[in-house]
Every structure is written in structure tokens, then in C-alpha cells.
Amino acid sequence: MGNLTERQRGLTMAFIGIMVLMPDTILFRLIDTNLWTLMIWRAGFQGAVLWVALLLLRGRKLPEDVRTLGWPGAGFTLAMGVAAVCFNLAIAWTTVANTLFILAAMPLWAALLSWLMMGERIDLRMGLTIMAAMIGIGILVTGNDEGGVAHWSGDLAALGGSFTMAAGFSLARFAPGRSMVPALAGSTVVPVAFGIAMGGLALPLQGDMGFLFVMGAIIAPLSFALISSAPRYIPSTEVSLIMLLETALAPILVWWIVGEDPGPRAILGGVIVVAALLVSNLVGLRRIRA
């Protein structure tokens, strides 16, 4: 990327990150291993790759990196760990479309938490976006899909994942300038421990290990590294716009490849959520450039 401008570099990193992340939910649907074992191996691979990378890159400085994160880092670790558990439950208990459309509202909960925790004002644009997204989510959770996959328990897990992820990112703002990668690596302990507690400590079914390795060791750490680095070169609003690609395209790919029809109400509700976020981010980006 040496010959690219900063803007081109940021756009490229965000786009590649989303493309890397896109197959994750498809692979989830192709795995036959039970949920608790899947949760252990997926998070275990991710944690192993992140810790090895941190040890290689930071070496003896790593303990100090962890120490300086303080209570925001501990909170981030717990929040992201719970979010990972919720994501796995959501994908297992409801449709991919419902999960991703609900998770897409994460920036809105982050805005609400920033208001509660840091006193940041919610402007009219964000207030209208939150209202529209809540209407969209309300429509999609009351629908039924063709295959009977959608269930309120999975929708609730997705909402929990969206909220706890927002809480994690809000807590990270109390440690500005510090990398949360060590905290993210530590967060993988939560889904591993949860999976073990639920009796999932076992080898995956034959043929699933490769999928789990790709999900945990490649997709999760690589997509996170690229997407989280992109805001160094372009506004975070622009990154959010690119991330909507996954929200919009992944359910279509799962429908096409796996045959998981999300149902008309989920599609309508999802369109409302994505449209609200799209318009809001475009307005925000225009203000930044003005």
C-alpha cells in the first residue's frame, strides 16, 4: 500500500476487512459441531493467534501494555467476551439476517452509552436514527422466516451482543491512545470458559476443524486488525458506511448458499435499519467534509 494516499489506504483496509469477515456466518452454517464445542474452538483459535502476535510484536513490553489499560481494559475484556458469547448464541438460535441487522445498530447503543457515561449530547440526527432503527428491529423480530430458524431467544442474544459490544467500545474511550488488542485477546477466555461450562469440551466433528480454524485463526483476527486500523486514515463514519456492506450482503449470501430465507418482515426491518444508518452516516460524513 506504499503508493496509496492515506484515504485510499484507509478505504482499502476497511473494504478488505469486510470482505474477509463476510464468509464468517456462512461457515457457521456449514459446521455441524454442537454450539458449545464450536464456541470453544472458534474463540480458542482466535485467542491463540492474537496472543502469539502480541508476544512477537511486543515481547517484554506486553505485561506493561496490559497493566496500563487499567479498568477500561478490564471492562472492555468482559464486554467483548460477553458479546462473543451472544453472537454465537444469536447465529445458532435465529437467522443470520436477524443477527446482523440487530448487530448493525451497535453504534446507536454506543451513542446512548456515551451520553450516559460521558455526557455527550445526542443530536437530532442520531436521535432520529435511533428511533428508525428501533422501529426496524421491532418489525424484524416479530416476523417469521420460511425455515423456522428465527426465534426470539436468538434475537435477544443479538441485541445483547450489540449492546455489550457498544459498551466495550465506549469503555475503550476512557483509555485513549492505548491499543485494546491485549484486552480483545483476553476476551476470548469468556466464550471458551462458557463453552466448557456448558459441556462442550470435545473435538469438533470430522471435517469441521478446518472451518473452525479459518473462522477463529484467520477471519476474526485479520478482519479486526484491518477494520480497527482503517479509522487511522479515514473518518470512522466512512468505515461504518463500508461495514454496512457486510450487514446487507452476508444475509443474501447465506440465503443463496445455504437456503436460509430470512422472511419478508426481517427483510423490511433490515432495510429500515440499514437505510437509517446509511442516511445518518452520509449526513455525518458530509458535515465532516464541510
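This text gives an overview of the structure that appears in the document.

Rules behind the numbers
Residues numbered from 1 in each chain as written. Predicted model: local features only at pLDDT ≥ 70, side-chain atom pairs only at ≥ 80, totals over all residues. Heavy atoms only, no water. Helix = DSSP H or I, 4+ residues; strand = E, 2+ residues; numbered from the N terminus. Rg over C-alpha atoms; globule rule 2.2 N^0.38 Å. Patch = residues over 30% accessible without salt bridge, like charges linked within 9 Å, V, L, I, M, F, W, Y side chains within 5 Å. Areas by Shrake-Rupley, 256 points an atom, 1.4 Å probe, with all protein chains shown as cover. Salt bridge = Lys/Arg side-chain N within 4 Å of Asp/Glu carboxyl O. Phe/Tyr/Trp six-rings, centres within 6.5 Å; stacked < 30°, edge-to-face > 60°. Buried < 20%, exposed > 50% of the residue type's maximum accessible area, 1.4 Å probe, protein only. Core = buried A, V, L, I, M, F, W, Y, C linked by side-chain atoms within 4.5 Å. Contact = heavy atoms within 4.5 Å.

Concerning the overall build of the protein
And step 1. If you tally the helices and strands in the protein, you get 13 helices and zero strands.
And step 2. Secondary structure of the protein in N-to-C order comes out as α-α-α-α-α-α-α-α-α-α-α-α-α.
And step 3. Rg of the C-alpha trace for the protein: 19 Å, near the compact-globule value of 19 Å for 290 residues, within the 12% margin.
And step 4. Taken along its principal axes, the extent of the C-alpha atoms in the protein is 55 × 55 × 40 Å.

Quick notes on a nonpolar patch on the surface
And step 1. A contiguous nonpolar patch, built from F15, I16, M19, L245, L249 and I252 and spanning about 480 Å² of accessible area, is present on the exposed surface.
And step 2. Mapped by element, the contributors of at least two residues to the nonpolar patch are α1 (6-21) and α12 (236-258).
And step 3. Structurally, L245 can be placed in helix α12.

Focus: the packing of aromatic side chains
And step 1. Across all of its chains, the model carries five aromatic pairs by this definition.
And step 2. Between the aromatic rings of F45 and F213, the centroid separation amounts to 5.3 Å while the plane-to-plane angle is 85 degrees, which identifies the pairing as edge-to-face. One end of the pair, F45, is in helix α3 (residues 35-58); the other, F213, is in helix α11 (residues 209-229), and 168 residues separate them in sequence.
And step 3. Residue class for F45 comes out buried when judged on its relative accessible area of 18%.
And step 4. Judged by centre distance (5.2 Å) and plane angle (45 degrees), the ring pair of W71 and F174 falls under tilted.

Some words on the nonpolar core
And step 1. Judged by nonpolar contacts, the single largest core of 61 residues is most densely connected at L89, L108 and W109.
And step 2. Not counting the four nearest positions on each side in its chain, L108 is found in contact with M126, T129, I130, A133 and L277.
And step 3. In this structure, M80, M180, A183 and A185 belong to the second largest nonpolar core, which totals twelve residues.

Observations concerning the pattern of salt bridges
Pairing is possible between side chains that carry opposite charge, provided their charged atoms lie close to one another.
And step 1. Per the stated rule, a full pass over the model turns up four salt bridges.
And step 2. E64 serves as the salt-bridge partner of R67, at 2.6 Å between the closest nitrogen and oxygen. A residue pair is termed a helical-turn pair when its members lie 3 or 4 positions apart in one helix, as R67 and E64 do in helix α4 (residues 62-93) at three residues.
And step 3. A residue is classified by how much of its surface remains accessible, and R67, at 56% relative accessible area, is exposed.
And step 4. The partly exposed category is assigned to E64, whose relative accessible area is 38%.

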